Amino acid sequence: MTTTTTDERTLADLQREHGPALLHFLLGLTFGDRQRAEDLLQETLVRAWQHPEAFDAPYESMRPWLFTVARRLAIDARRSRQARPAEVSDVVLETAAGAQDTAEAAVSALDVRDAMRALSPEHRAVLVQIYFRGLSVGETARALDIPAGTVKSRSYYALRQLARSLPGYSSRSSSLSRARAATASATST
């Protein structure tokens, strides 16, 4: 059985004449993913190489045939990617939160409780409403019968006090986020 293929010169002419337009078309179909578009362009040219009878079609140009093949290949590739589960890269695994040591979590919860007891009753009440009960600033203001600006001010200064009193919180920017995280973890224990 002999398989006929398109000769190299014809294929090179085809790529030179239609390659840039076909790549631009495929970039649109792949939402700008150049690597995927180039792979699809290469596969389209392989199909042209495998089907020399397409050159004998009654068309003036091979462009409609090439664009149809490319579009179908792009659709098939998209369906294939959607059918299989998403791949997980090493970057995702490195940034995923690991299982926290339960002893460390318990110690952190105790530290947060001690730091919360050291706050003034007004500051503590605001943090309890916002972080433990999950209320918004407006809801907290209504629950405590104080202005929303006072809620914001008290929560700001309470978190600053927590950041200073909790061990292991040295930098100002990370200490506030750590204090919030520790406060949130104390609610679960």
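Structure first, text after, so check above.
Quick look at the structure, then. Everything numeric in this text was worked out from a predicted model, so none of it was measured. (Residues numbered from 1 in each chain as written. Predicted model: local features only at pLDDT ≥ 70, side-chain atom pairs only at ≥ 80, totals over all residues. Heavy atoms only, no water.)

1. Topic: the side chain of Gln 129
Here's step 1: With respect to the helices and strands, the residue Gln 129 is situated in helix H6 (residues 121-132).
Here's step 2: Once residues lying within four places of it in the same chain are set aside, the contact partners of Gln 129 are Gly 134, Leu 135, Thr 140, Ala 143 and Leu 144. (Helix = DSSP H or I, 4+ residues; strand = E, 2+ residues; numbered from the N terminus. Contact = heavy atoms within 4.5 Å.)

2. Digging into the pattern of salt bridges
Here's step 1: Inspection of every chain in the model, using the stated rule, returns 5 salt bridges.
Here's step 2: Put simply, Asp 13 and Arg 16 hold a salt bridge, and the shortest N to O gap is 2.5 Å. In this pair, Asp 13 and Arg 16 are both assigned in helix H1 (residues 8-29), 3 residues apart and thus about one turn of the helix distant.
Here's step 3: Here Asp 114 and Arg 117 are joined by a salt bridge, their closest N and O atoms 3.1 Å apart. Highlighted residues: Asp 114 and Arg 117, both in helix H5 (residues 102-118), separated by 3 residues, approximately one helical turn.
Here's step 4: Given the relative accessible area of 47%, Asp 114 is considered partly exposed.
Here's step 5: Taking relative accessible area as the criterion, Arg 117 reaches 58% and is therefore assigned exposed. (Salt bridge = Lys/Arg side-chain N within 4 Å of Asp/Glu carboxyl O. Buried < 20%, exposed > 50% of the residue type's maximum accessible area, 1.4 Å probe, protein only.)

3. Points about the packing of helix H7 (residues 137-144) against helix H8 (residues 148-165)
Angle between the axes and distance between the axes: these two values describe a pair of packed helices.
Here's step 1: Remark: H7 packs on H8, axes separated minimally by 8 Å, with the N-to-C direction vectors making an angle of 105°. Judged by the angle between their axes, H7 and H8 are roughly perpendicular. Across the interface between the two elements, Val 137, Thr 140 and Ala 141 from H7 touch Ala 148, Val 151 and Lys 152 from H8. (Axes fitted to C-alpha atoms, helices over the stretch in contact; angles between N-to-C directions. Parallel < 35°, antiparallel > 145°, perpendicular 65-115°, else oblique.)

4. A word on helix H3 (residues 63-83)
Here's step 1: Compared with an ideal rise of 1.5 Å per residue, which puts 21 residues at 30 Å, H3 spans 30 Å between its outermost C-alpha atoms and is within 8% of the ideal.
Here's step 2: For H3, every residue scored as buried is listed here: Leu 66, Phe 67, Val 69, Ala 70, Leu 73 and Ala 74. The buried residues of H3 all sit within an arc of 160° when viewed along its axis, so they share a single face. In H3, those exposed residues whose orientation departs by more than 90 degrees from the buried face are Arg 72, Arg 79, Gln 82 and Ala 83.
Here's step 3: In the core, the buried residues of H3 are packed alongside H1 and helix H2 (34-50). (Expected span 1.5 Å × (residues − 1). Arc of directions from axis to C-beta.)

5. Focus: unusual backbone geometry
Here's step 1: One non-glycine residue, Phe 31, lies in positive phi territory at about 55°.
Here's step 2: By relative accessible area, which is 69% here, Phe 31 ends up exposed.
Here's step 3: For Asp 145, which is not glycine, the phi torsion reads 60° and is therefore positive.
Here's step 4: With a relative accessible area of 71%, Asp 145 lands in the exposed category.

Note that all results are geometric; they support no functional claim without further evidence.
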